[in-house]
Amino acid sequence: MQLIPAATEMRFIPITAEQVPCALLCKLVDKTYRLTFNYNEDYDFFTVDLEINNSADNIPLVYGEILHLNKPCFEAFNDERYPLPVLVPLCLSGDSIERITYDSFGSIVKLYVVDRPASGGGWT
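Remember, predicted model here, so these are calculated numbers, not experimental data.

Each value, and the rule that gives it
- Residues numbered from 1 in each chain as written.
- Predicted model: local features only at pLDDT ≥ 70, side-chain atom pairs only at ≥ 80, totals over all residues.
- Heavy atoms only, no water.
- 1 Å grid on protein atoms, 1.4 Å probe; cavity = no way out; pocket = protein on both sides within 12 Å on 5 of 7 lines; lining within 4 Å.
- Points joined across faces, edges and corners; volume = space filled by probe spheres on them.
- Nonpolar A, V, L, I, M, F, W, Y, C, P; charged D, E, K, R; others polar.
- Helix = DSSP H or I, 4+ residues; strand = E, 2+ residues; numbered from the N terminus.
- Buried < 20%, exposed > 50% of the residue type's maximum accessible area, 1.4 Å probe, protein only.
- Contact = heavy atoms within 4.5 Å.
- Salt bridge = Lys/Arg side-chain N within 4 Å of Asp/Glu carboxyl O.
- Phe/Tyr/Trp six-rings, centres within 6.5 Å; stacked < 30°, edge-to-face > 60°.
- Lys NZ or Arg CZ within 6 Å of the ring centre and 35° of its normal.

A. Quick peek at empty space enclosed by the protein. As enumerated under the stated definition, the model contains two cavities of 30 Å³ or more in all. Each pocket or cavity is described by its volume, and for the second largest cavity that value is around 30 Å³. Across the lining of the second largest cavity, the residue classes tally to four nonpolar, one polar and two charged.

This is the structure:
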C-alpha cells in the first residue's frame, strides 16, 4: 500500500451513491475533465469514465475504471493527458472497511483529490 504524505492537502469530489449514474465536470490543475460514474448492482461496485472536456467535444481516455478502496484511479496511465492530482477512494472516518459498497460510497468513502508528490518519485 502507498502512503499519502502527511502534509498533503485533502480535497474530495462531492459525489454520493444516490447520484450515480451521473457525469461531473471537474477542473484539475489546467484541464477540465468529465468524470462519468456508474454502479454495477449485480456485483456491487462503482466505475468511472474519464474524458478531457473541451468546447467542441470530449476526448475519451478511460472507460469503466473500477473504483477500489485506497487505490489511485487511472494509475496504469501516466502521460500529460491524465490528471496531475491523484483521485483516490479513501475511508478516513476510522471505520474498518475492506471495499467500497453502495452504502459506503459518498458517506464514509470519498473520492479524494490528492496532489502528486513534487519529487516525481511516486508514493512511498
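B. Quick peek at the side chain of Asp44. On the secondary structure map, Asp44 appears in the loop between strand 3 (31–40) and strand 4 (45–53). Here Asp44 falls in the buried class, since its relative accessible area comes to 17%. The contacts of Asp44, once residues within four sequence positions are left out, are Tyr39, Arg99, Ile100, Thr101 and Tyr102.

C. Summary view of the pattern of salt bridges. One pass over the structure, following the stated rule, counts three salt bridges. Of the charged contacts in the structure, one is a salt bridge between Arg99 and Asp44, with a shortest N-O distance of 3.0 Å. A residue pair is termed long-range when its members are at least 10 positions apart, and Arg99 in the loop between strand 6 (86–91) and strand 7 (109–114) and Asp44 in the loop between strand 3 and strand 4 qualify at 55 residues. Look at Arg99 and you get partly exposed, because its relative accessible area is 45%. A salt bridge links Glu75 to Lys71; its shortest N-O distance comes to 3.8 Å.

D. Region of the structure containing the packing of aromatic side chains. This structure, assessed with the given rule, holds six aromatic pairs. Taken together, the aromatic side chains of Phe37, Tyr39, Phe46, Tyr102 and Phe105 make up a single cluster linked through ring pairs. Positioned over the ring face of Phe12 is Lys110, at 5.2 Å from the centre of the ring.

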